[in-house]
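# Structural features, examined
The primary structure of each chain is shown beneath.
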Amino acid sequence: MPGVRPLVSTALSVAVLAAASATLLAGDAVGGDFLLGYAGCWALFGAAVVALRRTPDRAVVPLVLAGAVVLAATGLVAAPRTSTDSYRYAWDGRVQAAGVSPYDHAPGDPALVALRDGWLFPDPGACADAPDLAPLPDGGCTRINRPTAHTLYPPVAEAWFLLVHGLAPADGRHRAHQTGAGVLSLAVTGLLLTVLRRRGAQRRAALWAWCPAVPVEAVNNAHVDVLAVLFSVAALAVVARRRVVGGVLLGLGIAAKLLPALLVPGVLSGARRPRTVLAVMVPAVAVVGTVYLPHVLLSEGSVLGYLAGYAEEEGYEDPGAGGRYALLRLVLPDAWAAAAVPLVMAGVALAVWWRGDPERPWRGALLTTGAAFLLLTPGYSWYALLLVALVALDGRAEWLAVALAGAVAYLAGPTLGQGATTGAYAAAAGVVTAAAGVRRWRRGTPRGPAAARTARALSSR
């Protein structure tokens, strides 16, 4: 039967990818060794996406969904492998359930010692033999990173932590947040399929559903970024027709992880009338303000928590301190790099807002988000989950190179130094630039029979 061979080829490619993902996450590889396995998963992912192009249309949606479920399930085979953030999520949910603001006390605060258990706060005897556990000021240790720092997660994220805590069984531990994140990742897949169906481009959903970053960062590490991605995709899907609703969804996304603020120029693509701009931005700002207000009024501590300390720790305030602004620092003095970012981003944002396609707001959102990544060169790979979803919406797969560069910076940077971050992001920038050049060349190249006849006529003169 026609189409059977490509269908079987695609299914086998996804099965091999899932097996590789499960093997990687269930293994004991760390650092560079984990990165090698992860890179192999990305190669298999590329092969599966290419195979999907030849698959009959009727089989695309079932394949994408089946692959999404299987790959998400691979994220559940082990405890978080490359990040401990989900332990903070579990703690914040527990603190809120006890009626305490998560912004008022750090996990190591003795005032909350009654909420500690043997999972998040192991027996002191185990501390010396577990270098991944963080020491506590009053003795002992914890699985929670930065136990003396107050939480920096926005209110919508905190609401998610409380919800997961309330729904999880008593012995749910890390699996509760992994399962919740897996459900969110599948919701993103379903939403992408719905949005892309209108354009006959449902194959693009596989760029999210099968991407190795989803089982690793969204499910296994249970990063709350996937919640922000869900709201962001929903906002971009509706904003062209329902601007107020789009603004509300954008506000929820920003109040889940702050990073979706980069989508604002894309959401406003082509919106030159003040009334149109306000229809989106007023609801977005109102939502952010509304969800923050109760915490501002009821919390004794700052609702921004460790945000300033995080920026300093990551080198955003001192460009010479780490791998941030790596590409800018190749051509500018370190002291100029931080100042150059807002100038370049302002130019990109204005261009997207003024010249962007209001029917495809995700295109401008991808450009601003991708540009921010290349300018800031972040060292945390899970930030790129938002970028992966935007790639799925727009189809410009070359931007996935930026997501992979973030993984290189995170996994190899600590051992190989700043050179790994710079090299990875430079290579990603090269891929994006080359793809843009090829696309521009193709647009200027005559196509079709009429174009071919024209070309032959011109060549015969």
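Quick note: structure is the one above.
Residues numbered from 1 in each chain as written. Predicted model: local features only at pLDDT ≥ 70, side-chain atom pairs only at ≥ 80, totals over all residues. Heavy atoms only, no water.

Summed over the entire model, instances satisfying the criterion amount to two cavities of 30 Å³ or more. Considered as a void within the structure, the largest cavity measures approximately 40 Å³ in volume. Forming the boundary of the largest cavity are Asp225, Ala228, Val229, Lys257, Leu259, Pro260, Tyr383 and Leu386. Take the lining of the largest cavity: its biggest share by element is three residues, from helix H9 (residues 225-238). (1 Å grid on protein atoms, 1.4 Å probe; cavity = no way out; pocket = protein on both sides within 12 Å on 5 of 7 lines; lining within 4 Å. Points joined across faces, edges and corners; volume = space filled by probe spheres on them. Helix = DSSP H or I, 4+ residues; strand = E, 2+ residues; numbered from the N terminus.)

What follows deals with the packing of aromatic side chains. Remark: the centre distance and the inter-plane angle together describe each pair of aromatic rings, the angle taken between the planes. According to the stated counting rule, one finds 14 aromatic pairs in the structure shown. In this structure an aromatic cluster arises from ring pairing among Phe34, Tyr38, Trp42 and Phe45. Above the ring of tryptophan 354, the side-chain terminus of arginine 272 is found at 4.0 Å from the ring centroid. (Phe/Tyr/Trp six-rings, centres within 6.5 Å; stacked < 30°, edge-to-face > 60°. Lys NZ or Arg CZ within 6 Å of the ring centre and 35° of its normal.)

Tallied over the entire structure, the rule returns one disulfide. Paired by a disulfide, cysteine 127 and cysteine 141 hold their sulfur atoms 2.1 Å apart. Taking the torsion about the S-S bond as the criterion, the cysteine 127 to cysteine 141 disulfide, at about -85°, is left-handed. Of this pair, cysteine 127 sits in the loop between helix H4 (85-97) and strand E1 (134-135) while cysteine 141 sits in strand E2 (residues 141-142); the two residues are 14 residues apart in sequence, bridging distant segments of the chain. Taking the relative accessible area as the measure of exposure, cysteine 141 reaches 3% and is therefore buried. (Disulfide = S-S within 2.5 Å. Buried < 20%, exposed > 50% of the residue type's maximum accessible area, 1.4 Å probe, protein only.)

Attention shifts here to H4. Under the 1.5 Å per step criterion, the end-to-end length of H4 is 19 Å for 13 residues, consistent within 8% with the ideal 18 Å. On its buried side, H4 packs onto helix H5 (155-167) and helix H6 (173-197). Two residues or fewer past H4, glycine 99 is found with a positive phi of approximately 85°. (Expected span 1.5 Å × (residues − 1). Contact = heavy atoms within 4.5 Å.)

Moving on: a nonpolar patch on the surface. Together, Leu293, Val296, Leu297 and Leu298 line one region of the surface with nonpolar side chains, adding up to about 440 Å² of accessible area. Considering the arrangement of structural elements, one finds leucine 293 in helix H12 (residues 274-298). When its relative accessible area of 46% is taken as the criterion, leucine 293 is described as partly exposed. (Patch = residues over 30% accessible without salt bridge, like charges linked within 9 Å, V, L, I, M, F, W, Y side chains within 5 Å. Areas by Shrake-Rupley, 256 points an atom, 1.4 Å probe, with all protein chains shown as cover. Salt bridge = Lys/Arg side-chain N within 4 Å of Asp/Glu carboxyl O.)

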